[in-house]
Every structure is written in structure tokens, then in C-alpha cells.
Amino acid sequence: MSPVISLRGVGKTYKQGALEVEALHDVDVDIAEGEFVAIMGPSGSGKSTLMHVLGCLDVATTGTYTLAGMSVGAMDEEQLATIRNRRIGFVFQQFNLLASMPAWRNVELPLTYAGVGRAERKDRALAALERVGLADRAEHRPGQLSGGQQQRVAIARALVTEPALLLADEPTGNLDSASTADVLGLLAELHASGRTIVLITHEEDVAAAAERVLRILDGGIQHDSLAALS
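As the structure is a computational prediction, the values presented were derived from the model and not from experiment.

*Asks:* Honestly, the packing of helix α5 (residues 147–159) against helix α6 (residues 177–192) in this entry has me stumped. Any pointers?
*Replies:* Between two packed helices, what matters for the description is the angle formed by their axes and the separation of those axes. Running from amino to carboxyl end, α5 crosses α6 at an angle of 25 degrees, the nearest separation of the two axes being 9 Å. Relative to α6, the element α5 lies roughly parallel. As for how α5 packs across α6, the hand of that crossing is right-handed. Across the interface between the two elements, Gly 148, Gln 151, Arg 152, Ile 155 and Leu 159 of α5 pack against Ser 179, Asp 182, Val 183, Leu 186, Leu 187 and Leu 190 of α6. For the contact of α5 with α6, the residue count by class is 6 nonpolar, 3 polar and 2 charged.

*Asks:* Looking at this model, I keep getting lost on unusual backbone geometry. Mind explaining?
*Replies:* Negative phi characterises most residues that are not glycine, and trans characterises most peptide bonds. Its identity is not glycine, yet Ala 68 carries a phi of approximately 50 degrees, on the positive side. Mapped onto the secondary structure, Ala 68 falls in the loop between β4 (62–67) and β5 (70–71). Looking at Ala 68, the relative accessible area reads 30%, which means it is partly exposed. Positive phi, close to 55 degrees, is recorded for Glu 162, a residue that is not glycine. Tracing the backbone through its elements, the reader meets Glu 162 in the loop between α5 and β7 (165–169). On the accessibility criterion, Glu 162 (42% relative accessible area) is partly exposed.

*Asks:* What's the story with the nonpolar core in this structure? I'm lost.
*Replies:* Note on soluble globular proteins: their nonpolar side chains tend to be buried together. Val 107, Leu 129, Val 153, Ile 155, Leu 166, Leu 187 and Leu 190 are the most contacted members of the largest nonpolar core, which has 38 residues in total. Breaking this core down by element, the ones donating at least two residues are β3 (36–40), α3 (103–113), α4 (118–131), α5, β7, α6, β8 (197–201) and α7 (204–207). Apart from the residues within four sequence positions on either side, Leu 190 is in contact with Arg 131, Ile 155, Leu 159, Leu 166, Arg 195 and Ile 197. Core analysis: the next-biggest nonpolar cluster, separate from the first, contains 30 residues, Met 51, Leu 54, Ile 83 and Leu 165 among them.

Reading guide: rules and limits
Residues numbered from 1 in each chain as written. Predicted model: local features only at pLDDT ≥ 70, side-chain atom pairs only at ≥ 80, totals over all residues. Heavy atoms only, no water. Axes fitted to C-alpha atoms, helices over the stretch in contact; angles between N-to-C directions. Helix = DSSP H or I, 4+ residues; strand = E, 2+ residues; numbered from the N terminus. Parallel < 35°, antiparallel > 145°, perpendicular 65-115°, else oblique. Left-handed = near helix turned anticlockwise from the far one by under 90°. Contact = heavy atoms within 4.5 Å. Nonpolar A, V, L, I, M, F, W, Y, C, P; charged D, E, K, R; others polar. Buried < 20%, exposed > 50% of the residue type's maximum accessible area, 1.4 Å probe, protein only. Core = buried A, V, L, I, M, F, W, Y, C linked by side-chain atoms within 4.5 Å.

Below you can see the structure in the form of C-alpha cells.
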């Protein structure tokens, strides 16, 4: 089976006037369908740049990136936007929920951008909330939910398009320990059901929730190990 993610010789260089900064170099990564992988590294290691490349928020300077069989490097901005909306589900440290909208309306937003009809949008949004255990909070606005519940709504929103990849960037960074355990438990459940998850973190205990850890330092992958052994 072809991997969902395949990076070969990926590098990313930023130009600042006459200065060139190499943020990534010679990154080779394969992530199979249904894997739960953590990418871990300190600030300045390149993990944020790698996340942006994986999420099609930025394009590699060198090398190739294949996502679900599609060559990302050959895409224009419109195609990249379509990939971001339909093939990748994003979960960020900030929940990015609209305060004036109930949970189900927040969850349906990616489907609105994709042109899905109103009735189908609501059905799929309610199904996604049920999947994350918040069916009874569908009409609650973000301010009526705990931090952990808000992140569950954000995860439901990420899942509603049935993406090939769930990309979680420091998803527990704004949560207390109980909510962190709650969200990591949900990610483990999604992984167990076959979802492909990439988790970006700088915390060892959060990375330990994954089945495999990629460590990045100075723009390069250091080693690839089972989380239980790291």
C-alpha cells in the first residue's frame, strides 16, 4: 500500500534579503495509512516548517512531497487550497472557533467552503460531533464549553471532510492536564479506528501518545522510533 505521506529529499530555504536560511534539509519520511506519528523537536528545530509543508501551507524548495498519491510540488495555489480544505484536517493550539456560532455550525464550516448543501452539512456536522462525544453539545457556543470540549469541536471540524490526514499542531498547548489527557485519548480512539494522524509537539509525554516518533533538530530528522521506546 502506498503511504499517505511520502517526503523525499525535502528542503526548505527562506530568503531574507541576501541571506538564505535553511529551515529543512534532506528530509525523507513515509507515513502509512492509519499511522499515528508524532514529530517532536525544540523551538527552532524545523518542526513548524515541516508542519507547514505537510499541511500544504508552504511548498518545499527542494525534493518531493506526495500526499495520498498526489504530487504536491506540482500544484498551484488554487489546487493547494483545495487539498487543504478536503484532504487535510487541521487541529491547532488555538481552537479557532467562532464565538457567535453553536458547535455544529463551527464544525460545518469546511463543508460550506466545499459547496456542500445545507442539509448534508448539518447531518455531517452532527455525525462528527457524535464521533468526538459531543452530540449533546451541538447547540452550545464555544463560551459554554470547557477548553477540552472546544478542542473536541475543533477535532470534529477537522474530521468532517473525511480527510486523508489529521494534522494536529500542539493541540494540547492551551489545555490543563485533565483536558490534555481527554484530547490525547480521543486522538488514540481515532487512530484505533484507522485515522492517519500526525501530531506536532515539543513535549515528551504528549509525543508518547503516538505509536512512532520522528525527532527533528536543526532542520533534519534525527531518528525514527516507536513512541513506547523513546
